[in-house]
Amino acid sequence: MNGTARPREITGYHVLAGVLTFFAIIIAVNVTMAVIATRSWTGLVVKNSYVASQEYNGKIEAARIQEALGLSSDFSYSDGRFSFELRDHNGKAMPVDEIIVTIGRPAHEHKDRRLVLEHRSGTLHELTEDLEAGMWAMEISARSGDLTYRRAVRMLIGANGEGRLQ
């Protein structure tokens, strides 16, 4: 041997192995993502899309009325307790007949539940419910006479049990 090394040649087998490895990685990642997606969320947003489409314009109109009336709410979660107060356009607390909070994880249905807040004093409504730390999606529906107030929020519950609206 003369001390000079021959450069390695790339053969057809090397190219084939590289292409097969590339596609095997792509397929493995896609299968993994598909399995994770199907285990975490069913994809169901509404039970009957036709009925939901028929109700859409009514919901938009109700939102416009709510905005025109200047309604707002104070909604919080701390130490395992929800509290809610509805306010008129002047910021004055309003009496409420019923408050329902539909709560669940944004990407899972197995923790979904419907909570009815109880009247405590004056215009304040509360409910004790322990929530795990993490992100929660909530839809609040408050009825005061003929008026229905709706608000959708996301809340991040910290390890200390404090909720922060997102």
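Criteria and cut-off values
Residues numbered from 1 in each chain as written. Predicted model: local features only at pLDDT ≥ 70, side-chain atom pairs only at ≥ 80, totals over all residues. Heavy atoms only, no water. 1 Å grid on protein atoms, 1.4 Å probe; cavity = no way out; pocket = protein on both sides within 12 Å on 5 of 7 lines; lining within 4 Å. Points joined across faces, edges and corners; volume = space filled by probe spheres on them. Helix = DSSP H or I, 4+ residues; strand = E, 2+ residues; numbered from the N terminus. Nonpolar A, V, L, I, M, F, W, Y, C, P; charged D, E, K, R; others polar. Phe/Tyr/Trp six-rings, centres within 6.5 Å; stacked < 30°, edge-to-face > 60°. Buried < 20%, exposed > 50% of the residue type's maximum accessible area, 1.4 Å probe, protein only.

Describing the layout of surface pockets
1) Next: Roughly 1400 Å³ of internal volume is contained in the largest pocket.
2) Next: Forming the boundary of the largest pocket are 35 residues, of which V45, V46, K59, T102 and E139 lie nearest the centre.
3) Next: Among the secondary structure elements, those contributing two or more residues to the lining of the largest pocket are α2 (49–69), β4 (98–104), β7 (134–144) and β8 (147–157).
4) Next: The element that contributes the greatest number of residues to the lining of the largest pocket is α2, accounting for nine residues.
5) Next: Per-class residue counts for the lining of the largest pocket are 17 nonpolar, six polar and 12 charged.

Some thoughts on the packing of aromatic side chains
1) Next: In total, this model carries five aromatic pairs according to the counting rule given.
2) Next: Note on F75 and F82: the rings are 5.8 Å apart at their centroids and 25 degrees apart in plane angle, and the pair reads as stacked.
3) Next: The buried category is assigned to F82, whose relative accessible area is 0%.
4) Next: Ring plane angle 50 degrees and centroid distance 6.4 Å describe the contact between F84 and Y149, whose orientation is recorded as tilted. Here F84 is found in strand β2 (residues 81–87), whereas its partner Y149 is found in strand β8, with 65 residues between them in sequence.
5) Next: With relative accessibility at 4%, the residue Y149 sits in the buried group.
6) Next: The rings of F75, Y77, F82, F84 and Y149 are connected pair by pair, giving a single aromatic cluster.

Digging into unusual backbone geometry
1) Next: We note that D79 has phi near 50 degrees; this positive angle belongs to a residue other than glycine.
2) Next: Locating D79 in the fold gives a position in the loop between β1 (72–78) and β2.
3) Next: Of the residues examined, D79 reaches a relative accessible area of 64% and is grouped as exposed.

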